[in-house]
Amino acid sequence: SPFIVSGTKSRIPQPEHGTTLLHYGDADEVKDVLRMHNVYTGYVYLLDGIGRVRWAGSGEGSVDEVANLIRIAKELTRPPERAARKKAKASGEHGPRIGKRVGRNGGNAGEK
């Protein structure tokens, strides 16, 4: 119903609308795949950038479970290693530039 959707969306901050899924109706197939068999509890799923479930929980989470969820979420949102290496290289943290040809006498290749 548009009324229910608009009421629910009004409680979700606008920047989060693009990453929020609302579904009303038959979802038995999805619930079975995600093992959502208890209708009396809530479920939390952490997905990676391509939609794979990386963490799942149901019911009230323990302190350790919540800490684990936060740790995994931070790992998933960390910039890729390639970007981190590129940034470090640009800042000169990894020594001299790689790829410069050096001749036998220590000068640039091609120098006499």
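The rules behind each value
- Residues numbered from 1 in each chain as written.
- Predicted model: local features only at pLDDT ≥ 70, side-chain atom pairs only at ≥ 80, totals over all residues.
- Heavy atoms only, no water.
- Helix = DSSP H or I, 4+ residues; strand = E, 2+ residues; numbered from the N terminus.
- Buried < 20%, exposed > 50% of the residue type's maximum accessible area, 1.4 Å probe, protein only.
- Contact = heavy atoms within 4.5 Å.
- pLDDT = per-residue confidence, 0-100.
- Salt bridge = Lys/Arg side-chain N within 4 Å of Asp/Glu carboxyl O.
- Pairing = 2+ DSSP bridges.
- Patch = residues over 30% accessible without salt bridge, like charges linked within 9 Å, V, L, I, M, F, W, Y side chains within 5 Å.
- Areas by Shrake-Rupley, 256 points an atom, 1.4 Å probe, with all protein chains shown as cover.
- 1 Å grid on protein atoms, 1.4 Å probe; cavity = no way out; pocket = protein on both sides within 12 Å on 5 of 7 lines; lining within 4 Å.
- Points joined across faces, edges and corners; volume = space filled by probe spheres on them.
- Phe/Tyr/Trp six-rings, centres within 6.5 Å; stacked < 30°, edge-to-face > 60°.

### Some points on the overall build of the protein chain
Okay, so step 1: Across its full length, the protein chain holds four helices and two strands.
Okay, so step 2: Written out in order from the N terminus, the α and β elements of the protein chain read α-α-β-β-α-α.
Okay, so step 3: Within the protein chain, the proportion of its 112 residues that are buried is 8%.
Okay, so step 4: By sequence separation, contacts in the protein chain at least 24 residues apart represent 11% of the contacts at least 6 residues apart.

### Notes on the confidence of the model for the protein chain
Okay, so step 1: Per-residue pLDDT for the protein chain averages 78, and the proportion of residues at 70 or more is 71%.
Okay, so step 2: Confidence scores differ between elements of the protein chain, with helix H4 (residues 81–90) showing the lowest mean pLDDT of 64 and helix H3 (residues 63–77) the highest of 93.
Okay, so step 3: Low confidence marks residues 95–100, where pLDDT is under 50. Its contacts with residues over four positions away, or in another chain, come to one contact.

### A closer look at the pattern of salt bridges
Charged atoms that come close allow side chains of opposite charge to pair.
Okay, so step 1: Counting across every chain of the model gives three salt bridges.
Okay, so step 2: Measuring nitrogen to oxygen at the nearest pair gives 2.9 Å for the salt bridge that ties Asp48 to Arg54.
Okay, so step 3: On the basis of relative accessible area, Asp48 is assigned to the buried category, the value being 10%.
Okay, so step 4: Taking relative accessible area as the criterion, Arg54 reaches 42% and is therefore assigned partly exposed.
Okay, so step 5: In this structure, the salt-bridge partner of Glu75 is Arg71, at a minimum N-O distance of 2.7 Å. Of this pair, Glu75 and Arg71 are both found in helix H3, four residues apart, which corresponds to roughly one turn of the helix.

### Let's talk about the pairing of strand E2 (residues 53–58)
Okay, so step 1: Two strands pair when backbone bridges link them, and strand E1 (residues 43–47) and E2 are joined in this way by five bridges, in the antiparallel orientation. For Leu46, the partnering residue across the bridge sits in E2 and is Trp55.
Okay, so step 2: Connecting E1 to the antiparallel partner E2 that follows it, the hairpin turn spans five residues, and Gly51 within it adopts a positive phi of roughly 90°.

### Observations concerning a nonpolar patch on the surface
Okay, so step 1: Taken together, the side chains of Phe3, Ile4, Leu22 and Tyr24 define a hydrophobic patch exposed on the protein surface, amounting to about 420 Å² of accessible area.
Okay, so step 2: Overall, the relative accessible area of 44% leaves Tyr24 in the partly exposed class.

### With respect to the layout of surface pockets
Remark: the empty space left among the atoms is shown by a probe the size of a water molecule rolled over them.
Okay, so step 1: Of the volumes computed, that of the largest pocket is approximately 440 Å³.
Okay, so step 2: Around the largest pocket, the lining comprises 14 residues; the ones closest to its centre are Leu21, Val30, Leu34, Met36 and Tyr45.
Okay, so step 3: Elements supplying a minimum of two residues to the lining of the largest pocket: helix H2 (28–33) and E1.

### Some thoughts on unusual backbone geometry
Okay, so step 1: Its identity as a non-glycine residue notwithstanding, Arg35 has a phi of 60°, on the positive side.
Okay, so step 2: When you line up the elements, Arg35 lands in the loop between H2 and E1.

### Brief notes about the packing of aromatic side chains
Okay, so step 1: Summed over the entire model, instances satisfying the criterion amount to one aromatic pair.
Okay, so step 2: Pairing Tyr43 with Tyr45 gives two aromatic rings, centres 6.4 Å apart and planes at 15°, and the pair type is stacked.
Okay, so step 3: Looking at Tyr45, the relative accessible area reads 24%, which means it is partly exposed.

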